[in-house]
Amino acid sequence: MKIFERFLHIDRRIIFVLIFIGVALPLIWTLGFNLEVTENVESVYNLMEELEPGTRILISFDYGPSTKPEIQPMAIALMEQAFTNRIRIIAIALWPMGVQMCNEAFEKVSAEYPNIEYGIDFINLGYKVGGMVTINHMAKDFRSTFPTDGGGNPIDEFPIMKGIKNFDKLGCVISLSAGDPGLKQWVMIAHDTFGKPVGGGTTAVQAPIMLAYVNEQQQLVGLLGGLKGAAEYELLVNKPGFATKGMDAQSVAHLIIIIFILIGNIGYFATRKKDTMKS
Amino acid sequence: MRVYILLVILIFFSFALCAQDISFTASDNPNDDGGAILLEWNVPPSFPEMIITRSIDKENYIEIARVTPLLKTYIDDENIEDGQEYFYMLSVPKMNGETLQSFSASAIARAQWFNTDKISLLIMTILLGSAILYFILSARRGKRLYIRKISGLDTIEEAVGRATEMGKPLLFVPGISDLDDMQTIAGLNILGHLAEKVAQYDSTIYVPVCRSMVLSTAKEIVKESYLRAGRPDAFNPDSVFYLTDDQFGYVAGVDGIILREKPAANFYLGAFYAESLILAETGFESGAIQIAGTAMPTQIPFFVAACDYTLIGEELFAASAYLSNEPNQLGSLKGQDVGKAIIILTLLVGVVLEMFGIHFLKDFLATH
Amino acid sequence: MKRQIPMLITFFVGALIIVSEFIPHKPFGNLSTSLGGWFLIISGFAIILGQLSLFKVNIIKISRKAPNWPYFIIALVSFSIMVTCGILWGTQKQPGLIPISDKMLNFFGYKPFDYIFKYMFENLSATMFSLLAFFMASASYRAFRARNAESTLLLVAAVLVMLGRTTIGSTLTCWIPESLGFLHLPNIASFIMKYPNTAGQRAIMICAGFGVIGSSLRIILGIERSYLGGK
């Protein structure tokens, strides 16, 4: 019975060590658990697949370093799909650090696609403060909202920006968002006001809130939620990356937590039974 | 042969034009402060990209936009003056650049004094405001109002007593948002009551803050509380101090305080984000009694799991009224309950109507 | 008077903002945005108060040689270094007082402020954030006990969601045929997150909204005066 009492009071350092091992090892040795693609993620994938080669899309990088582990793999997978299908990306940021996130993602992906040229297949227009006001302004007059790219060069110099005056010539809008301003604002303006299809990626904590917009009116075509959403997208584009590895680690960590929960409950029931018998 | 082909094309376009009501209208953009005109059109989807031009004298038209048939609306808000009539032309160009067909409309922009999109909000505001005022007046007239027990708030005195007995301080964390967040103000309201108790019991309280504006307010609140308790000499201005604006820098600082000072009771009352569990777990490890309260739905589960008592959502805002036990303030809590009853009734009615295929309530609430 | 004037200002401004919410006509239409801008400007100046408080508290602890006082020196030194680097050489977007030398730029790859931010501050923030993973495990172990019906329900839902949101869930139920697809753990997890969880979150948000309204009305009408330091 003593062992059951010990189950109730496991030193949390033991839990921490096991979590550390459970997260670290799968990052080194991939376990390759089976991953099922959910409907919401597949919808975003199909939205991109149905675009004609040469179509321009807008990706908004509305997150920062703290949520980079969850959202950056989504950005990379989306870029990989776009460049494979010759879809051109116009990138902007509504968060200051979003610019850096975009640059890092592009640097990583462009190494695998040497034919991709900045200014023709991809452009980073930089960060603009203002959230919803900025989106509204872009929808009416894109060029005055972003007169230059992130490096200060006039957008007239770049072939990818030819003819872009508002959202009309964009195939769709994708917002990778960790909070406010972000996905909600894009839905309100780009879809509800201007009728553009909007897809999104967000953190696992925010995903349940944003799921409400995946509805009959298709306010959101689909949603990538957290690291799992990113891993599912990597599976769809057939380029397993950090999210796939991370899912193994996340799975093992969750399993360890569940095991400890079960141990705690076994200890609880065993000692409760003992106390009942005593009394 | 060419003549026949041209004839066929002309007949096709004529049918296309006749088969659908084509319209182009211009009107003042509703529910704004002027300076905008709403252009709407209904044309066959087969039409190419169209050109919108504008003039103030019906003669010199300048291009303002190129639009597609599917867009259906465009708001012109560039250099529009209220009271001035503007004339618009929607032109359908031919392949060679000449105009195949054009439509005209005119409008004058004006500012509105009432936003009709917010009718439901106004109705709700009036109902809720009236309910709150009614119950406040009822309470003033002496009517007893029942408010359910909130365990977390009843424990405050016990927590202060425990800290005094143990000779340890209390820790109060007012969240990481600024004064423009109502949760921070609600937390600071509770701080006032708590600080008064601390002054009465001759204990110590630490209030690390994340924002400079909150620093000034919290310091003033704690000082006044000590004054009310008749212990102005016991007030230590350095007990309310600023750490950093950065989220994780702040939580690292607070964790350090918890581990070094080992407070007997921790209060986390305000707006929290990802750092909530880090604070609560560190506090649990130090052996303190923990009372938390936040209206962030994503952080409530962490506080519930790690703290002894949690004020969920509106309990945080009700805390000040609950602690003061003033009839005026308790009356406002009853008024809020009326608001909740209205929402529940609306939800039930809406669900039943939707089940029978009647959509007017949903459409009304969606557009107003 | 000390209390009356702030209460009058609160009432006037509060009532004005409520009314302006419904009136698009100038000057009401942009009132909330303008006042929000004023708040940002004032809070910008208030930052100075915060920094002075930080210095004062740390210096007092250092001078009294409070326990662990060397760490308070580290705090002040770190603060001073960042401020100095920012003022002297600026950041990536903002120039400083001194132009950065090519030698320094080649060595660090960034301006000193950006270098410290990227390689020290960001990593420290990520470290603090990563504590959540460990604390989540210990909090779950402690909190999820089947003490009664509600906590059992919570436990079962938590386990289903934790399994369903990972690849283990997919692996465990991949053998179930598509016709019984609703029994796949990922689908069960999605159902729990989409319906009961969303319903609960919305209920909390609606009630919190009412709480904000009630609290705001009490402050605007002067019934609640704790924020002024009064009762």
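Residues numbered from 1 in each chain as written. Chains lettered and ligands numbered in written order. Predicted model: local features only at pLDDT ≥ 70, side-chain atom pairs only at ≥ 80, totals over all residues.

### Some remarks on the overall build of chain B
Helices and strands together make up the secondary structure of chain B, namely 12 helices and 13 strands. Against the compact-globule benchmark of 21 Å for 368 residues, chain B has a radius of gyration of 32 Å, which places it well outside the compact range. Taken over the C-alpha atoms alone, chain B extends approximately 105 × 50 × 40 Å along its principal axes. Here chain B, with 368 residues, has 42% of them falling under the buried criterion. Considering only intrachain contacts with a sequence separation of at least 6, the fraction spanning at least 24 residues in chain B is 67%. (Helix = DSSP H or I, 4+ residues; strand = E, 2+ residues; numbered from the N terminus. Rg over C-alpha atoms; globule rule 2.2 N^0.38 Å. Buried ≥ 20, exposed ≤ 12 C-beta atoms within 10 Å, placed from the backbone. Contact = placed C-beta atoms within 7 Å.)

### Brief notes about the pairing of strand β4 (residues 62-67) of chain B
By the bridge criterion, five bridges tie strand β3 (residues 50-55) of chain B to β4(B) in an arrangement that is antiparallel. Of the residues in β4(B), the one forming a bridge with Thr53(B) is Glu63(B). (Pairing = 2+ DSSP bridges.)

### Describing the pairing of strand β5 (residues 73-76) of chain B
Residues and elements named next belong to chain B. In β5, alternate side chains face the same way, and those of Tyr-74 and Asp-76 are buried while those of Thr-73 and Ile-75 on the opposite face are not. Note that strand β2 (residues 37-42) and β5 share four bridges and pair antiparallel. Note that in β5 the partner of Ile-37 across the bridge is Asp-76.

### Looking at the domain arrangement of chain A
Domain boundaries in chain A define domain 1 (2-29 + 251-278) and domain 2 (39-240). For domain 1 of chain A and domain 2 of chain A, the distance between their C-alpha centres works out to 42 Å. (Domains from an automatic or database assignment.)

### Section: the interface of chain B and chain C
Each partner contributes residues to the interface: chain B has 64 residues there, and chain C has 50 residues. Broken down by class, the residue content of the side of chain B that touches chain C amounts to 32 nonpolar, 18 polar and 14 charged. (Nonpolar A, V, L, I, M, F, W, Y, C, P; charged D, E, K, R; others polar.)

### Focus: helix α6 (residues 212-228) of chain B
Taking 1.5 Å per residue, 17 residues should reach 24 Å; α6(B) reaches 25 Å between its end C-alpha atoms and fits that length. Burial within α6(B) is extensive, with 12 of its 17 residues counted as buried. Turning to α6(B), its buried residues number three or more, namely Ser212(B), Met213(B), Val214(B), Leu215(B), Thr217(B), Ala218(B), Lys219(B), Ile221(B), Val222(B), Glu224(B), Ser225(B) and Tyr226(B). Where α6(B) is buried, its residues contact β8 (170-175), α5 (182-201), β9 (205-209) and β10 (240-242) of chain B together with α2 (31-63) of chain C. Gly230(B) sits one or two positions beyond α6(B) and adopts a positive phi of about 80°. (Expected span 1.5 Å × (residues − 1).)

### A short note on the domain arrangement of chain B
For chain B, the assigned domains are domain 1 (21-108) and domain 2 (156-307). Placing the centre of domain 1 of chain B and that of domain 2 of chain B at their C-alpha centroids yields a distance of 59 Å.

### Here we look at the sheet that holds β3(B)
Residue and element names in this part refer to chain B. Across the sheet, four strands lie side by side as β4-β3-β6-β7; this open sheet has antiparallel pairing. Both edges of this open sheet fall to β4 and β7 (99-108), since each of them pairs with a single strand only. Across the sheet, the mean angle from the axis of one strand to that of its neighbour is 25°, orientation sign disregarded. As defined by bridge partners, β3 adjoins strand β6 (residues 85-93) across five bridges and the pair is classed as antiparallel. Paired with Arg-54 across the strands is Tyr-88, a residue of β6. (Axes fitted to C-alpha atoms, helices over the stretch in contact; angles between N-to-C directions.)

### Some points on the sheet that holds strand β4 (residues 170-177) of chain A
All names here are of chain A. What the six strands build is an open sheet, ordered β3-β2-β1-β4-β5-β6; its pairing is parallel. Every other strand in the sheet has two partners, leaving β3 (122-127) and β6 (223-225) as the edge strands with one partner each. The mean angle between the axes of side-by-side strands here comes to 15°, regardless of whether they run parallel or antiparallel. Strands in contact with helix α5 (residues 98-110) are β1 (56-62), β2 (88-93) and β3; relative to β3, the strand with the most contacts, it is inclined by about 160°.

### A word on the interface of chain A and chain C
Taken together, the contacts link 32 residues of chain A with 31 residues of chain C. Listed by contribution, the elements that provide at least two residues to the side of chain A that touches chain C are α2 (12-28), α9 (207-210) and α11 (242-278) of chain A. The greatest single-element share of the side of chain A that touches chain C, amounting to 15 residues, is contributed by α11(A). Its residues assigned to classes, the side of chain A that touches chain C comprises 20 nonpolar, eight polar and four charged.

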